[in-house]
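Survey of secondary and tertiary structure
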Amino acid sequence: MQSKFKNRRNLLLKKCFKAALNLFLITVVLFSYMSNVFSADISSIPDNILSYKFSQCATENTQDFINNYLTENAGNGPAEWYALALSRTGGYDFTNYISSLESLDLNSMKSTDAIRIELADMYLGGNLDAGSVVDTNWNKLGIMTEIYSLILINSGDFQCSTSDTEIVNSIISKQLSDGGWTISGKYADTDVTAMALQALSSYSHTSIGQASVEKGIQCLSGLQQQDGGYKSYGSPNCESCSQVLLAMCQLGINPYTDERFIKNGYGVTDALYSFA
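In this report, the structure presented in the accompanying data block is examined. Fair warning: this is a prediction, and the values are worked out from it, not measured in the lab.

1. Examining the overall build of the chain
Regarding its fold elements, the chain presents 13 helices and 4 strands. A fraction of 63% describes how many contacts in the chain between residues 6 or more apart in sequence connect residues 24 or more apart. Looking at the chain as shown, the accessible area adds up to about 13600 Å², and 48% of this sits on carbon and sulfur atoms.

Shown next, in the form of structure tokens:
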């Protein structure tokens, strides 16, 4: 019985951490892209979540958090997303964290991990070879490495042998009949569809990508639940809400007012905050 209790407690803590991390990331990114449409009463969310995280890892301030926790955990996933979000707020020194990132052997890593690390390194002004990372990894794991690689290409100014058009065409070729994308199966997955739209957002008004993006938006609207939230593999979760909000930001869709994303009076932001 005690073992079951511990397992449930650990699962709950894990869910709470994911919810906090997603709220932190999405709030920072939403304000940086669409600050004019968000109410001021959510502006304190990033600070509140950081304060919670500080208490969990015995850190007193953001710079210490970067120098210690992020640097020690460079390459593990959450560290990169925290670093990316914090880089948008400005004023922090990421020297130690970048050094830790650049000491990692990207060639021995899973392709999506290598691209994620390169994305963080590039945003923070590091010196990893982004072109080599794209050329080596973009088509190794199907749709996910294609999505990550296209986001990377459109996030910086660097040379690579692989063209963005090649990756765009490959992503579009994997679009399902329902307008979405998935890693496997015949039906759209919320997370993969939202991430594909993030990657294709730079092409939403071009002949190559407009029709595909419009179908994807319709698909995401159809996947939304009556409480405003989203499911992935049958389970409602904060990660899916976050991915959808990021896609909406990239596409210039207002999550508060666009009727395609309001169900029963609820939007995706309502669903996301319910996990806090």
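2. Quick look at the nonpolar core
Ranked by internal contacts, the top residues of the largest apolar core, which has 61 residues, are Leu 70, Tyr 97, Ile 147 and Ile 171. Apart from residues no more than four positions distant in its own chain, Ile 171 is found in contact with Ile 143, Glu 146, Ile 147, Leu 150, Trp 181, Ala 196, Ala 199 and Leu 200.

3. Notes on the packing of helix 5 (residues 95-102) against helix 6 (residues 111-123)
Between helix 5 and helix 6, the least distance of the axes is 10 Å, while the angle of their chain directions is 150 degrees. For the element pair helix 5 and helix 6, the recorded crossing hand is left-handed. On helix 6, the residues touching Tyr 97, Ile 98, Leu 101 and Glu 102 of helix 5 are Ile 117, Ala 120 and Asp 121. Residue classes in the contact of helix 5 with helix 6 are distributed as 5 nonpolar, no polar and 2 charged.

4. Quick notes on the packing of aromatic side chains
Overall, the coordinates contain 3 aromatic pairs when judged by the stated rule. With a centroid separation of 5.3 Å and an interplanar angle of 10 degrees, the aromatic rings of Phe 65 and Tyr 69 are classed as stacked. A residue pair is termed a helical-turn pair when its members lie 3 or 4 positions apart in one helix, as Phe 65 and Tyr 69 do in helix 3 (residues 62-72) at 4 residues. Using a relative accessible area of 0% as the deciding quantity, one classes Phe 65 as buried. A network of ring pairs unites the aromatic residues Phe 54, Phe 65, Tyr 69 and Tyr 82 as a single cluster.

5. As for the pattern of salt bridges
Counting across every chain of the model gives 4 salt bridges. A salt bridge links Arg 116 to Asp 113; its shortest N-O distance comes to 2.8 Å. Linking Arg 116 with Asp 113, this pair stays in helix 6, spanning 3 residues, or about one helical turn. Assessed through its relative accessible area of 26%, Asp 113 is described here as partly exposed. Arg 260 serves as the salt-bridge partner of Asp 258, at 2.8 Å between the closest nitrogen and oxygen. Relative accessible area serves as the criterion here: at 16%, Asp 258 is assigned to the buried category.

6. Some words on helix 11 (residues 210-223)
Here helix 11 contains 14 residues, and its C-alpha end-to-end distance of 20 Å stays within 8% of the 20 Å for a straight helix at 1.5 Å per residue. Every buried residue belonging to helix 11 is among Ser 212, Val 213, Gly 216, Ile 217, Cys 219, Leu 220 and Ser 221, and all of these are buried. Structurally, helix 11 contributes buried residues whose contacts are with helix 9 (164-173), helix 10 (190-200), helix 12 (238-251) and strand 3 (262-263).

Criteria and cut-off values
Residues numbered from 1 in each chain as written. Predicted model: local features only at pLDDT ≥ 70, side-chain atom pairs only at ≥ 80, totals over all residues. Heavy atoms only, no water. Helix = DSSP H or I, 4+ residues; strand = E, 2+ residues; numbered from the N terminus. Contact = heavy atoms within 4.5 Å. Areas by Shrake-Rupley, 256 points an atom, 1.4 Å probe, with all protein chains shown as cover. Core = buried A, V, L, I, M, F, W, Y, C linked by side-chain atoms within 4.5 Å. Buried < 20%, exposed > 50% of the residue type's maximum accessible area, 1.4 Å probe, protein only. Axes fitted to C-alpha atoms, helices over the stretch in contact; angles between N-to-C directions. Left-handed = near helix turned anticlockwise from the far one by under 90°. Nonpolar A, V, L, I, M, F, W, Y, C, P; charged D, E, K, R; others polar. Phe/Tyr/Trp six-rings, centres within 6.5 Å; stacked < 30°, edge-to-face > 60°. Salt bridge = Lys/Arg side-chain N within 4 Å of Asp/Glu carboxyl O. Expected span 1.5 Å × (residues − 1).

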